[in-house]
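So you can see what is in the structure, the chains are spelled out below.
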Amino acid sequence: MWEEATKITLLGMDVYAFGFFCALGAALALLVLSMQMKKERMEKGAAALTGCLAMLFSFVVSRLFYALLDRSLGGMMPVKGALMITAGGYSMVGALLGGVLGAALSGKILKGSALKMADMIAPALLLFVACERLGEGYVPDFGISRPLLGDALKGSFLAVEGEYDWYLATYLLESFAALVIALILLRDLGGKKRAGDTLLLGLILYGAAQSVLESLRYDRHLSFSFVGSQHIAAMAFLGVAVIILAARNWKNRRGLALAGIISIPLVVGLGITLEFMIDRTEINRYVLYLAYVILVSVPAYLGIRLRKEA
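Residues numbered from 1 in each chain as written. Predicted model: local features only at pLDDT ≥ 70, side-chain atom pairs only at ≥ 80, totals over all residues. Heavy atoms only, no water.

Participant: Break down the pattern of salt bridges for me, with residues and values.
Facilitator: Oppositely charged side chains are able to pair whenever their charged atoms sit close together. Scanning the model with the defined rule gives 13 salt bridges in all. Note that Arg217 is salt-bridged to Glu174, the shortest N-O span being 2.7 Å. Remark: Glu174 occurs in helix H6 (residues 170-188) and Arg217 occurs in the loop between helix H7 (197-216) and strand S5 (223-224); sequence separation between them is 43 residues. Residue Glu174 is classed as buried on the basis of its relative accessible area, which comes to 2%. Each of Glu132, Arg133, Glu136, Glu174, Arg217 and Asp219 takes part in salt bridges that share partners, so that together they form one network. (Salt bridge = Lys/Arg side-chain N within 4 Å of Asp/Glu carboxyl O. Helix = DSSP H or I, 4+ residues; strand = E, 2+ residues; numbered from the N terminus. Buried < 20%, exposed > 50% of the residue type's maximum accessible area, 1.4 Å probe, protein only.)

Quick look at the structure:
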C-alpha cells in the first residue's frame, strides 16, 4: 500500500480511506439501482448487467478524461502513465458520463430504452458522488477552497485548518448537494414522463450546483489558468440540457425556448467575468458567490420550466 495515503481500520484491516468511500458509494448506487429496477419489474439480471457496465465504463472514462485533461506533466499524459491505474488520477465528470453510457448500453442489450435506463442510473450515480466527496476529505489539500476571509466559518465543521490558514470544506457542500439532487431524481422517476427527462433534470441541477462548487474548489485538480476543465464540463451539462429542452419546445413555447438558449452564452460570459473577479480582485467573495448562484439559477429555472412544458 502507498505509505503516504490516509488509511482507516475496517474489521481489523487497514484500507484506503478514499477507496473505502468510493466502494461504499458504488455499493449504495448498485443497491438503489436494483431496488428501482425491481420496482419497475424489469427482467431478472437487468440490475446486475447495468451495474457492471456502468462501473466498467465509469472507471475507464474517468481515467481517460484524467489522462487527457490533466496538465501536471505539462501536457497530455503518455499512454504508459495512463495505464498506471494504481498511481491514482480520476475525473468525476468522466465517471458520471461513463456510468450513463454503460447504463444506456445495457438498455440496448436488453432491447429496451437506452434513455429510460439512463434515467434510472442518474440518481444512483449522484449517491456515488455523495459518498466519494466525503472520501475527498481524507486527501490532503483536496476539495477545499481558497483561504477563508473573516472568522465566521473558521473553527466550524465546514472549515478545514491548514498549516497557515483556514479553508472551506467544499467537499462537504458537494456531498450534500449530490445527496439532495439524488433524492429529487428518485422522486422524479416513474410516472408518465418522456424517457430521458429525469436525466435532463439531473444535468440541470448538477450542472448548476457544480458550476458554483467547482468555482469554490481551489485544489488545482484538472485545472488550467483560473478555470478548471470539470468546471467547464459542469456548465456544459447545464447548457446542453437547456438547449435540448428549448429545441423540444421551439414550436409551442418559442419565447421561453429562446430565453433558455440566450441565457446560456450570457451566463457563460458573465460567469467567466465573475471567475476573473474572484481570482484577481479584492471585491468581497461572499457577494461575488451570491451573484454566481443567482446567475446559474436563471438557465436552471428556464430549463425546468421548459421540461415541465414539454
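After presenting the structure, the write-up continues.
Participant: So what's going on with the packing of aromatic side chains? Residues and values would help.
Facilitator: Remark: the centre distance and the inter-plane angle together describe each pair of aromatic rings, the angle taken between the planes. Following the criterion strictly, the structure yields five aromatic pairs and no others. Ring geometry for Phe21 versus Tyr138: centroids 5.5 Å apart, planes at 25 degrees, classification stacked. Placement of the pair is Phe21 in helix H1 (residues 17-39) and Tyr138 in the loop between helix H5 (114-136) and strand S3 (159-161), with a sequence separation of 117 residues. Looking at Phe21, the relative accessible area reads 13%, which means it is buried. Seen from their ring centres, Phe59 and Tyr90 are 5.8 Å apart, and the 40 degrees between their planes marks the pair as tilted. (Phe/Tyr/Trp six-rings, centres within 6.5 Å; stacked < 30°, edge-to-face > 60°.)

Participant: Tell me about helix H9 (residues 254-280), and name the residues and values.
Facilitator: In this model, H9 (27 residues) spans 39 Å end to end at C-alpha, consistent with the 39 Å of a helix rising 1.5 Å per residue. Among the residues of H9, those classed as buried are Leu256, Ala257, Gly260, Ser263, Ile264, Val267, Gly271, Leu274, Glu275 and Ile278. (Expected span 1.5 Å × (residues − 1).)

Participant: Run through the confidence of the model for the protein chain, naming residues and quoting values.
Facilitator: Per-residue confidence for the protein chain gives a mean pLDDT of 92; residues scoring 70 or more make up 99%. Summarising per-element confidence for the protein chain, the mean pLDDT is lowest in S5 (74) and highest in H6 (97). (pLDDT = per-residue confidence, 0-100.)

Participant: Break down the packing of H7 against helix H10 (residues 285-309) for me, citing the residues and quoting the values.
Facilitator: Where H7 meets H10, the axes come as close as 10 Å, and the angle between the chain directions of the two elements is 175 degrees. In terms of axis orientation, H7 runs roughly antiparallel to H10. Judged by residue contacts, Asp197, Thr198, Leu201, Ile204, Leu205, Ala208, Ser211, Val212, Ser215 and Leu216 of H7 engage Tyr289, Tyr292, Val293, Val296, Ala300, Gly303, Ile304 and Arg307 from H10. (Axes fitted to C-alpha atoms, helices over the stretch in contact; angles between N-to-C directions. Parallel < 35°, antiparallel > 145°, perpendicular 65-115°, else oblique. Contact = heavy atoms within 4.5 Å.)

Participant: Describe unusual backbone geometry, naming the residues involved and giving the relevant values.
Facilitator: Keep in mind that most residues, glycine aside, have a negative phi and that most peptide bonds are trans. Even without glycine at this site, Leu11 takes up a positive phi of about 55 degrees. Relative to the helices and strands, Leu11 resides in the loop between strand S1 (7-10) and strand S2 (13-16). Judged by its relative accessible area of 80%, Leu11 is exposed. The backbone of Arg220 sits at a positive phi, close to 65 degrees, despite the residue not being glycine. Turning to its location among the elements, Arg220 is positioned in the loop between H7 and S5.

Participant: An account of the environment of Leu126 is requested, with residue identities and associated values reported.
Facilitator: Following the sequence through the fold, Leu126 ends up in helix H5. Overall, Leu126 belongs to the buried group, its relative accessible area being 6%. What Leu126 contacts, discounting residues up to four positions off in sequence, is Ala178, Ile181, Ala182, Leu185 and Tyr206.

Participant: Talk me through the side chain of Ser58; I want residue IDs and the actual numbers.
Facilitator: With respect to the helices, strands and loops of the structure, Ser58 is situated in helix H2 (residues 46-69). Overall, Ser58 belongs to the buried group, its relative accessible area being 13%. Here Gly99 takes part through its backbone nitrogen, which lies 3.1 Å from a polar atom of the side chain of Ser58. Residues contacting Ser58, with those up to four places away along its chain left out, are Gly94, Ala95, Gly98, Gly99 and Leu125. (Polar contact = N/O pair within 3.5 Å; in protein donor to acceptor, adjacent residues only side chain to side chain.)

Participant: Give a detailed account of the environment of Leu205, specifying residues and quantitative values.
Facilitator: Considering the arrangement of structural elements, one finds Leu205 in helix H7. It is 25 Å that separates the C-alpha atoms of Leu205 and Phe224, two residues lying 19 residues apart in sequence. In this structure Leu205 touches Ile181, Ile184 and Ile304, once residues within four positions along its chain are discounted.

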